[in-house]
Amino acid sequence: MTNTTTARTANGPFSYFPAIEKKYGQPVAHWQELIRSSPLTKHMELVAWLKAEHGIGHGHANALVKHTLDEGGK
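No experiment lies behind these values; they were computed from the predicted model shown.

### Quick word on the overall build of the chain
Here comes step 1: When you go through the chain residue by residue, the secondary structure sums to 5 helices and 0 strands.
Here comes step 2: Starting at the N terminus and ending at the C terminus, the chain contains elements arranged as α-α-α-α-α.
Here comes step 3: Sequence separation of 24 or more characterises 53% of the internal contacts of the chain that already satisfy a separation of 6 or more.
Here comes step 4: Accessible surface computed for the chain: about 4700 Å², of which carbon and sulfur atoms make up 55%.

Shown next as structure tokens:
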């Protein structure tokens, strides 16, 4: 029997977090704070901003923005 919470987490934005922290040298909380403090509010604007200004890859930026916005981050 599969734990649906674990399955959902493994396939969601959380699955990117260890790689994000390793590749960019900052904890996820750092990136979430940047997203929250940005004047931008739309998902794809934030993704593009992370990519252009911070060199984050598209998948990682998307995961960070989705998770932050899902938490009510903006």
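### Side note on the nonpolar core
Here comes step 1: The biggest cluster of nonpolar side chains holds 13 residues, and the ones touching the most others in it are I20, W31, I35, L50, I56, L64 and V65.
Here comes step 2: At the level of elements, α2 (17–24), α3 (28–37), α4 (43–54) and α5 (58–70) are the ones that each hand at least two residues to this core.
Here comes step 3: Apart from residues lying up to four places away in sequence, L64 is in contact with F17, I20, V28, W31, I35 and L50.

### Digging into the packing of α3 against α5
Here comes step 1: Between α3 and α5, whose axes approach to 10 Å, the crossing angle comes to 70°. For the element pair α3 / α5, the angle class is roughly perpendicular. Residues V28, W31, Q32, I35 and R36 of α3 lie in contact with α5, whose contacting residues are L64, V65, H67 and T68.
Here comes step 2: Taken together, the residues of the contact of α3 with α5 break down into 5 nonpolar, 3 polar and 1 charged.

### Comments concerning the packing of aromatic side chains
Here comes step 1: On inspection of all chains with the given rule, the structure shows 2 aromatic pairs.
Here comes step 2: Measuring from ring centre to ring centre gives 5.5 Å for F14 and F17, while their planes differ by 70°; the resulting arrangement is edge-to-face.
Here comes step 3: A centroid spacing of 6.3 Å and a plane angle of 80° characterise the contact between Y24 and W31, whose relative ring orientation is edge-to-face.
Here comes step 4: Overall, Y24 belongs to the buried group, its relative accessible area being 18%.

### Some thoughts on the environment of Q26
Here comes step 1: Relative to the assigned elements, Q26 resides in the loop between α2 and α3.
Here comes step 2: Leave out the neighbours within four places in its chain, and Q26 touches I20, E21 and W31.

### Brief notes about the pattern of salt bridges
Here comes step 1: Counted under the stated rule, the structure contains 2 salt bridges.
Here comes step 2: Close ionic contact of E71 with R36 constitutes a salt bridge, the shortest N to O distance being 3.1 Å. Taken together, the residues E71 in the segment after α5 and R36 in helix α3 connect sequence positions 35 residues apart.
Here comes step 3: A relative accessible area of 33% places R36 in the partly exposed class.
Here comes step 4: The closest approach of N and O atoms between D70 and K66, which form a salt bridge, is 2.6 Å. Of this pair, D70 and K66 both sit in helix α5, 4 residues apart, roughly one helical turn.

Rules of the game
- Note on numbering: residues in each chain are counted from 1, in written sequence order.
- Local features in this predicted model are restricted to residues of pLDDT 70 or higher, and side-chain atom pairs are both shown and tallied only at a pLDDT of 80 or more, whereas totals for entire chains, interfaces and linings draw on every residue.
- Here the side-chain values reflect all heavy atoms present in the structure, with hydrogen atoms and water set aside.
- Each helix corresponds to a stretch of at least 4 residues labelled H or I by DSSP, and each strand to a stretch of at least 2 residues labelled E; elements are numbered beginning at the N terminus.
- In this analysis, two residues are considered to be in contact whenever any of their non-hydrogen atoms come within 4.5 Å of each other.
- All accessible areas in this document rest on Shrake-Rupley with a 1.4 Å probe, and a residue is counted as covered only by the protein chains that are shown.
- Take the buried Ala, Val, Leu, Ile, Met, Phe, Trp, Tyr and Cys residues and link them wherever side-chain atoms come within 4.5 Å; each set so joined is a nonpolar core.
- Note on classification: 1.4 Å probe, protein chains only; a residue is buried when its accessible area is under 20% of the maximum for its type, exposed when over 50%, partly exposed between these limits.
- Fitting a line to C-alpha atoms yields each axis, with helices limited to the stretch in contact; the angle taken between N-to-C directions then spans 0 to 180 degrees.
- An angle below 35 degrees is read as roughly parallel, one above 145 as roughly antiparallel, one from 65 to 115 as roughly perpendicular, and any other as oblique.
- Each residue gets one of three labels, nonpolar for Ala, Val, Leu, Ile, Met, Phe, Trp, Tyr, Cys and Pro, charged for Asp, Glu, Lys and Arg, and polar for the others, Gly among them.
- Note on aromatic contacts: the rings of Phe and Tyr and the six-membered ring of Trp form a pair at centre separations within 6.5 Å, being stacked when their planes are under 30 degrees apart, edge-to-face when over 60 apart, and tilted otherwise.
- Note on definitions: salt bridges are taken to be side-chain nitrogens of Lys or Arg within 4 Å of carboxyl oxygens of Asp or Glu.

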